[in-house]
Amino acid sequence: MLVQHCKSKIIGSKPKQTIQNPRLPLKREGRRGGGDVGEKVSKLAIQILLLEGSSRLGGWLHSCKTEDGSVHELGTRSIRVTGLVGKNTLDMVDTLNLETSLLPVTSAHPAVSNRFLYAEGKIHKLPASLSSLFRRSEPLSKSLAVLLAREPFRRKVPVDDESLHSFFERRFGLEFATYLVDAFCRGIFAGKSSELSIKSCFPHLFEIEQKYGSLILGSLLSKREGDSSVGNSPLVKRATAERWLSWSLKAGLQELPDRLGSYLTEKDVQISTDTPCRRIEFKDKVARIHTKDKVLETERLFCSLPSTNLAPLLAPEHSDLAKSLSEIPSATVAVVNLEFEGSVLPLQGFGYLVPSCEPSNVLGVVFDSCTFPEHDTPVRETTRMTCMMGGEWFEELFGDPEVVCKDKLLLTALESIKAHLNIHEKPIYSNVSVHRDCIPQYTIGHSKRLDSIHDYIQNHKLPLTLLGSSYHGVSVNDCIFNARKAVLEQRR
Ligand SMILES: Cc1cc2nc3c(=O)[nH]c(=O)nc-3n(C[C@H](O)[C@H](O)[C@H](O)COP(=O)(O)OP(=O)(O)OC[C@H]3O[C@@H](n4cnc5c(N)ncnc54)[C@H](O)[C@@H]3O)c2cc1C
């Protein structure tokens, strides 16, 4: 939560303003369309206070280091470079002077060309090159080239919203949806492709089908919206020239919020950790934020709490808004970080995903040592990997996440990698985290729920801007980009 007190009347006519938790993308002064938001804010004589409920900044960006110096990611593991949102984050990384800490993954990296699927009791390599598109790749019964070639001739169905499974089944066939889309949804959203909404998870694909009748034709003919104020940093130019696809940081992704925190402190932003917000009221165009020992007032509150955390904080007169916010479901994921002595992986690559048709307890396994060997211990050769488990299947597989036994989760992860990868060794390090409600599920109808939330805020003239992964994109890039957009809109 970020609270902003106005020392002058430039932005608001009242003496106080409040913002909650935005990750501001900051630009160096003098750059096109930008200007340093932090500096601009201080020139406008606004005092900003960031309130965070826990003892550290970063939310799901959380890295931990073992005694031997291995870095394990407990949540987010890499950030993509592609698209406007990816460039925007790199602009921010550039401003934060994090370039020397970057660990880029280029298109030539084995983690990019070697991605696997576990299906029908075997690990299958997913097609990654042009020539592999023309070969039949199991478990599909046809080559991807055949499925792609047929797509433009498939009928468009005018729909208001549709599940990812149904959408991709219509466009590319049942096998494509059952194996690839299903596994992808488990890997990205820890969710069910039969419930997730194409309109909200991939709005661009939804729109181009509606407009062009085909994803292939639409991808060739449509132009994505640009933004000339994004992607102008030297780092974006370097990433483009060197064909980066994703990145991490030397000390783990935790370094990003840590550096952002120091940067904001230098810009006179007050950061207050261990300060959970307990209640939010709105009165006379002012938001009142109750913490343990204070009530803060503001003319604008930017709130990036997960919608399910925000809902119970709202005063009873906004129960309709609270109800809509609490209707956005979220999935719980168990993240099991493992480290083994020596080199134990039979395959090099990013890792593998497991579709839900496969009787397996894991959503997927990430080969961390392969993607970021720089995070391995310098002391001796080890192999780090992470098992992702649960998601929308958590309760049916493991029961109540509140009381689940972590040893049972560890055992399940080890049994899975024994069965899938033939790894029998005992890990020299393991860590089990149960992340409650960590990934919002944009299920069918999500866009309607958002409309009713935004209509409520507008109609009641609440000084509230909603940010974070519950609404318009779950990736770190989406969260940062949408925060920037919202802050810039507010400044107009
Ligand atoms: C296991 C996992 C792996 C992921 N992997 C990737 C990946 O590789 N790449 C990628 O781009 N994305 C990934 N994601 C998604 C991405 O990390 C998240 O969607 C994103 O970090 C969400 O950011 P956020 O600020 O919206 O929410 P959060 O990170 O949840 O932050 C919300 C913050 O609000 C605080 N808070 C909660 N309640 C209160 C309160 N009452 N008062 C004050 N503060 C409060 C919390 O302590 C927290 O710090 C992953 C997510 C998970 C869970």
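Thresholds applied
Residues numbered from 1 in each chain as written. Predicted model: local features only at pLDDT ≥ 70, side-chain atom pairs only at ≥ 80, totals over all residues. Heavy atoms only, no water. UniProt positions renumbered as here; feature names shortened; annotations may be inferred. Pairing = 2+ DSSP bridges. Helix = DSSP H or I, 4+ residues; strand = E, 2+ residues; numbered from the N terminus. Contact = heavy atoms within 4.5 Å. Axes fitted to C-alpha atoms, helices over the stretch in contact; angles between N-to-C directions. Parallel < 35°, antiparallel > 145°, perpendicular 65-115°, else oblique. Buried < 20%, exposed > 50% of the residue type's maximum accessible area, 1.4 Å probe, protein only. Near = heavy atom within 4 Å. Polar contact = N/O pair within 3.5 Å; in protein donor to acceptor, adjacent residues only side chain to side chain. Areas by Shrake-Rupley, 256 points an atom, 1.4 Å probe, with all protein chains shown as cover.

The protein goes by Protoporphyrinogen oxidase in an unreviewed UniProt entry, where it is assigned to Stichopus japonicus. Taken verbatim from the UniProt record of the protein, the Function (unreviewed entry) comment is "Catalyzes the 6-electron oxidation of protoporphyrinogen-IX to form protoporphyrin-IX." Looking at the Subcellular location (unreviewed entry) heading of the UniProt record, one finds this comment for the protein: "Mitochondrion inner membrane".

### Considering the sheet that holds strand β6 (residues 102-106)
Taken in spatial order, the 3 strands make up an open sheet running β5-β9-β6, and their pairing is antiparallel. For this open sheet the edge positions go to β5 (79-80) and β6, each flanked by a neighbour on one side alone. Across 2 bridges, the pairing between β5 and strand β9 (residues 244-249) is antiparallel. Paired with Ile79 across the bridge in β9 is Trp247. Helix α2 (residues 83-95) contacts β5, β6 and β9 of the sheet and is inclined by roughly 40° relative to β9.

### Quick word on the packing of α2 against helix α19 (residues 476-491)
At their nearest, the axes of α2 and α19 sit 8 Å apart, and the two run at 80° to each other. In terms of axis orientation, α2 runs roughly perpendicular to α19. The segment α2 lies against α19, with Leu84, Val85, Gly86, Asn88, Thr89 and Met92 engaging Asn477, Asp478, Ile480, Phe481 and Arg484.

### Let's talk about the pairing of strand β7 (residues 115-119)
Most of β7 sits out of view: 4 of its 5 residues are buried. The pairing of β7 with strand β16 (residues 351-353) spans 3 bridges and is parallel. Bridge pairing in β16 links Arg115 to Gly351. Where β7 meets strand β8 (residues 122-125), 4 bridges bridge the pair, whose relative direction is antiparallel.

### Some thoughts on unusual backbone geometry
Trans is the common state for peptide bonds, and a negative phi is the common state for residues other than glycine. Across the junction of Glu138 and Pro139, the peptide omega takes the value 5°, indicating a cis bond. Inspection of the secondary structure assignment puts Pro139 in the loop between α4 (130-133) and α5 (144-150). Here Asp268, not a glycine, exhibits a phi torsion of approximately 70°, which is positive.

### Overview of the site of the ligand
In the neighbourhood of the ligand, 27 residues make up the surrounding shell, with Glu52, Thr76, Ser78, Ser469 and Val474 lying closest. Backbone polar atom of Ser469 to an oxygen atom of the ligand: 2.8 Å apart, as the coordinates give it. One of the backbone N or O atoms of Val474 is found 2.5 Å from an oxygen atom in the ligand. Against a free-state accessible area of 1,000 Å², the protein chains account for coverage of 86% of the ligand.

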